[in-house]
Structures are given as C-alpha cells and as structure tokens.
Amino acid sequence: MPAPHVVIVGAGSTGSACAHDLALRGLRVTVVERGEFSNATTGRNHCLLHSGGRYAVTDQESAIECIDENLILRKIMPDALELNDGLFVALTEEDLAFKIKFIAGCAACHIPYRELTPAQALAREPLLNPKLLAAVQVPDGVFEPWRFSMAFLASARSNGAVCRSYTEVVELVRHNGSVTGVKVLDRVTGKTETIGCDLVVNAAGPWAGEVAGFGGIEVPVQPTAGIMVTVGRRMNNMVVNRLDKPSDGDIVVPQRTTSIIGTTSWTVTDPDAIDIPPQHIQKMLEKGIELLPEIATVTTRGVGAAARPLIKRARQDERDVSRTFECFDHARDGGVEGFVSISGGKTTTARGMAEKLGDLVTRKLGLSVECRTRNTPLLSYRLFYQ
Amino acid sequence: MPKLHVRVQRQRPDTQARYDHFDVEVPDDANVIDVIEACWRQDQNLMYRHACHHASCGTCAVRVDGKEVLPCIVPLAACKPGDMTIEPLRNFPVVGDLVVDVSAFFQRQAAAGMVITRDAEETIDGHPFEPSELLQPDGKLERRHYNRFENCVECGICLSACPTLSATDGFFGPAGLAAVHRAWEKTTDETERAALLDLADREGGVWQCHGAFECSEACPQDFDPAGAIMDLRRALIRRKVGALFGR
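Residues numbered from 1 in each chain as written. Chains lettered and ligands numbered in written order. Predicted model: local features only at pLDDT ≥ 70, side-chain atom pairs only at ≥ 80, totals over all residues. Heavy atoms only, no water.

1. What about the overall build of chain A?
Each helix and strand counted, chain A has eight helices and 21 strands in total. Rg of the C-alpha trace for chain A: 21 Å, near the compact-globule value of 21 Å for 386 residues, within the 12% margin. With the C-alpha coordinates aligned to their principal axes, the bounding extent of chain A is approximately 65 × 45 × 40 Å. Among the 386 residues that make up chain A, the fraction classed as buried is 65%. Here the analysis covers contacts within chain A between residues at least 6 apart in sequence; of these, 73% occur between residues at least 24 apart. Computed over 42 positive and 44 negative side-chain charges, the inter-centroid distance for chain A is 3 Å. (Helix = DSSP H or I, 4+ residues; strand = E, 2+ residues; numbered from the N terminus. Rg over C-alpha atoms; globule rule 2.2 N^0.38 Å. Buried < 20%, exposed > 50% of the residue type's maximum accessible area, 1.4 Å probe, protein only. Contact = heavy atoms within 4.5 Å. Lys, Arg positive; Asp, Glu negative; His and termini not counted. Charge placed at Lys NZ, Arg CZ, Asp CG, Glu CD.)

Next up, the structure:
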C-alpha cells in the first residue's frame, strides 16, 4: 500500500519545515506555494535566530521554544547562520530595573547569558550608544529566511516531496464532510487541477483564514504587520536589542553588509494589501539611533513589511498575543476531517512546530513513525535545484 | 504619490514575449519592487520573484530600463520619472513573466563549493577580529570566530550582464567562477586548492571570459566577479610557469 499523501498549503518556513518532517517520516508530500517560496511572512522577517531573550520576561513559553530550537538549528543548519550572539542594552534607569527581571527570565528558560560592563560592551560593539548603563550577552544569531526555507525544502525534496511554486489553492475539495484534496491554479500553465490526498495541512500563515474559508472552516488567525528598515552599512557585529519588554524599534539585526531595524506591529485586514505608514519608517530610524547613534549618518537601503499570522485571542493587544504556535485539528467538536491548520510561531521555531504537526498528522492517519528532524542535518539550499 | 506608466514583459515558456502596460501610483519613497507589487495587485497572473526586500535573498533581480538591478533596493527617485520598462534577466530560461529558472545556476554554485558563510575577517570598525565567545547551553564559553554571510547573494545579475554568456554556450559564468575563487581563497588544503584551480581551468572556465567587466559593474553587492576571474587566471599562470620549472 502506498504511503498516505499529504498536501501542504504554503511554503514559508512553517510549510517548508512541515514538508521536511512528513517526508522524513515516509509520507508522500506535495507542497504548494502561490508565489516564490517564502515570499511573504518568512521572506520579510527580521532574520533573527532567537535565543529566547526577547521573550524571557513576557512570554516564557515562546522563550523556551526559541532557545531549544536555536540550539538544534546550530547543529542541523550550521552553514547558513551568522552566529555572533546578541546584546541586550540598558540605556535608562528603567531599562536597568528591567535587567533583574530579564536575568531571572533567562535563568528560568535555560537561556545562557553573560553580563557585560559598558566598557566590555563598547569594546565588542564600538558604535553602541556610549551612554549605555549595562549589557547582557545571549546566544542570538542571524539567518537568511529564503535560504532557511530552501534548506528544509531541499531536504524534503530529496525524500520525495513535490514542491510547487506559483501554484495557488483556489478551492478545498470535500467529500462526505471530509477534505479530500485541493483544487489549484498553476500560474505557469494557467490551468486548474485537482490534487487528491489523505490530508491537507494549512500552513498559509496570515492567509490561513482565507484557505480554511474555502471549506467553510474558521481559523482564528490575526494578520499583524511589522516593518523592517535596512540601512546601507553594517552597524553592529552582534544583534543589538533594547533591554526592555518588546516594543517598536527595539532591535537592530546585522546581516552581511547591512543592519536591519525592526519592528512595529499593526493589525491588517488583507495581508495582500499592506501599505507601509511613512511615519513607521521614521520611527524605526529614530529608535535605531537611540541604540546605535551612527545610524543617523547612513542611507536607508530597503524597507519591507509582511503580516505575521498571530493567533487571535479575545481582548488582547497585538504585542501581548503569544508568539507561540498552535495546531488546529478541524475534526474536533464534530468538524471537518482531513484538514489541519498550523499557525502562529516564528521562523526560529519552524522545526519544532513541524514536529508537533507531524505528530498530529501521523496520529490522525493511524501511523506510528517518530520524528527524526532533530538530529538530521539539512541539505544546502542550493541542492533544492539538483 | 508619483504616477507611473509601467511596461512589463509577459511570457510563458510556450509563448512569444509581449509587453503589458500598467498605470500605478506608489509612495514617494517607494522602491522598484513596490512598483512591481503595484502591477501584481492589478493582475495576480503576473509572476515575479521576491522575498526579503533588503538585497539579501537575491531572488528579485530583473532588468529595469535595460539594466540589471535588485528592485528592492533601487529607489524610484533614482529612475527616470514617468515610465519604466521591466524585463526578466537575460541568459536564463524564462519560467513566466519576470521569473527565470535558476536551477542550472544553483547547480553551478553548488559545484563551485563556496560555503555561504565565512569567518569574519575584520570588525565593523576595521580591526582584525579577536575570537568571540559563544555561550554554550551549560553556560560555559567557547572561543570561536565571528562569522558572516558571503557578500554574494547569488542573484544572477552578473550572468545576465555577461556578454560572454550571451555569445557562447557552456561558460561557467561570473558568479560561479567568483565562488570558485572564494572557495580557493578560504581553504588551505592544497589538494582542494588544486582541484578548484582545475575547475577554473576547464573549458568554459576563466579563459573563456572576454574581460568586459560588465559583471562587476552590475553587481549590487560589490563582489567583483571579474576581479576574481582575473585573480584565478594569475594563479593558473603561476602554476603553469611553476610546473615548467619543476616547482
């Protein structure tokens, strides 16, 4: 009997990692993405390989997920990461008071940390605001989102997965109350076709609600946009964060010859029509200058925004929404069989998200195959094209 | 909000190229990628590649008014006002509209053997790096080098700009040869170095380059593939001369 066939909708970091997880477990996998692979939420993310420090005080569930996955990715994706650590920098007495909570949070979430004096921090980061009062070093890192996803897809493909870009889901095929496939539009041929399967995984990120809606199914995803402003010169060796709870413009991620300032957070209704408010660009630069004053002297190189797929919960401000993830089995409570959604989370935790999703999918399909992604080195992104 | 008349090359593998016209309005501080997205909002059949919008992924390369660029970092202010023509890269097979097939390109990049990260050579203020301390899960410190992504983003612009590739088949191409050069610079293993020089010396290698330097001129990352090709030629000449004299 052939292995069950799973269609994954969306090839951002989540869909790509799910494709790798399920293909490694021996399932037949087809992943469809309506544009270039990881062209949206993943593509335009901050490139931050989280240590978990950012959430160590406000969202410890996410913080623990981050440090666990950070350490796994260092082993399975060693050649596609800039591993230069991160600094959390206190500029005010208020920040200094937060340091106590931050260190307690890191300890509680097993995030390694080291306190630096201002002089030690300036020796490592000469362009830091010289008025800093304290700094804490953590194992943050930097990745390249497109290559990150392509490494998962290259590995999935080597295990038989079919990965199709420019292939957009236009309908969920249903039979007797179950989802039994997807109807897709191939943008190259202009033709629609039906791909039958045993189960559909909805990994469409901020579009997860739209995809589920094709089957009359609801997914509580709140598309929440964030802006990144990239400057034309690298300003820092390590990631530089403000030592405070997450807020707008509190992080500068270095990459190659540039530094990326982020971010803001605003709710959008249509993730395809994100118009960047010009005042957000100005705000990023102003906040970036507080951490690294020389940002005032360099040109802006690129500006991007994409929507995050945060999970909607009642009565929460978008900054307080947990950055952890959820798998939704839509068969629960007498709902629809053959359709699961995965949403929330972050690129750093994509492998862990895929492991949970893979556990759910194999359980639903009556299989018992262990996840092996934790110890399996990923192929180079270039080998996707072999 | 500037108004713009945009001509975009449309094509499928089995059709002749044609131009479609779009009238778009974009913010004053928009980059060319925003113009392409504004066209796409009018016609979602328009195929284009993009991801990071800050010249790191290398996916979005196209030709704007005949010149190869990464549209994510080209401000509208740097283009001629009023109208614009957007076409796919040359010297790649077209998949659809502005999307080209990068398979053969990445196969060559893989064959060239350059790892996309390297130990950083100097700090942002130009000093040699002291080894950094990486925090280990048990809280102990391991001394290791800072590392960096290579400056080449593998966007394919240098291949599109290359007159040698336009004129001849089988040329390995500037990005691939620059990657061979980088891999050769990075390793101290003499066997590996010899194998990399052999790769550069093959038919379709560094000797096929016409030396037009268009690749280095077009490179958005100042990676200088032509300089790398010339350096490999010098190394090959040194090796050949050395062999003549038994060294």
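2. Some words on the side chain of A:E168
Relative to the elements of secondary structure, A:E168 occurs in strand β10 (residues 167–175). Apart from the residues within four sequence positions on either side, A:E168 is in contact with A:R34, A:K183, A:V184, A:L185 and A:R187.

3. As for the interface of chain A and chain B
Across the boundary between the two partners, chain A contributes 58 residues, which contact 59 residues of chain B. Note on chain A versus chain B: buried area summed over both sides is about 4,900 Å², and carbon and sulfur give 52% of it. Three residues, A:R256, A:R301 and A:R382, lead the burial of chain A against chain B; their summed loss comes to 16% of the area buried on that side. At the junction of chain A with chain B, the criterion picks out four salt bridges. Residue B:R41 is joined to A:D275 by a salt bridge in which the shortest nitrogen-to-oxygen separation is 3.3 Å. Our enumeration of links across chain A and chain B arrives at 30 residue pairs in polar contact (both at pLDDT 80 or more). Listed by contribution, the elements that provide at least two residues to the side of chain A that touches chain B are α2 (60–76), β4 (81–82), β7 (134–138), β8 (141–143), α5 (145–158) and β19 (300–311) of chain A. The leading source of residues in the side of chain A that touches chain B is β19(A), at four residues. (Buried area = accessible area lost by both parts, 1.4 Å probe. Salt bridge = Lys/Arg side-chain N within 4 Å of Asp/Glu carboxyl O. Polar contact = N/O pair within 3.5 Å; in protein donor to acceptor, adjacent residues only side chain to side chain.)

4. Considerations on helix α1 (residues 13–24) of chain A
All names here are of chain A. An ideal rise of 1.5 Å per residue puts 16 Å on twelve residues; α1 measures up with 16 Å between its terminal C-alpha atoms. Within α1, twelve of the twelve residues are buried, leaving the element largely enclosed by the surrounding structure. Those residues of α1 lying buried are S13, T14, G15, S16, A17, C18, A19, H20, D21, L22, A23 and L24. In this fold, the buried residues of α1 make contact with β1 (5–9), β2 (28–32), α5, β21 (339–344) and α8 (350–364). Following α1 by one or two positions, G26 has its phi on the positive side, about 95°. (Expected span 1.5 Å × (residues − 1).)

5. Notes on the pairing of strand β5 (residues 86–90) of chain A
Successive residues of a regular strand alternate their side chains across the two faces of the sheet. All names here are of chain A. Across the five residues that make up β5, a large majority, five, are buried. Of the pairings in the sheet, the one linking β5 to β7 comprises five bridges and is antiparallel in character. In the sheet register, A90 faces β7, and the bridge partner there is A134. As judged from the four bridges shared by β5 and strand β15 (residues 239–242), these two strands associate in the parallel manner. Paired with L87 across the strands is V240, a residue of β15. (Pairing = 2+ DSSP bridges.)

6. Things to note about the pattern of salt bridges
If charged atoms from side chains of opposite charge come close, those side chains can pair. Residue and element names in this part refer to chain A. Overall, the coordinates contain 44 salt bridges over all chains when judged by the stated rule. The partner of R187 in a salt bridge is E168, and the shortest N-O contact between them spans 2.6 Å. You can see R187 sitting in the loop between β11 (178–186) and β12 (192–196) and its partner E168 sitting in strand β10, a full 19 residues away along the chain. With respect to class, R187 is no different from E168; both count as buried.

7. Quick look at the sheet that holds β8(A)
Residues and elements named next belong to chain A. With antiparallel pairing, three strands are arranged side by side in an open sheet as β3-β8-β4. Since the sheet does not close on itself, it has two edges, and those belong to β3 (48–49) and β4, each with one partner. As paired strands, β4 and β8 are joined by two bridges and run antiparallel to one another. Opposite E82, over in β8, you have V142 as the bridge partner.

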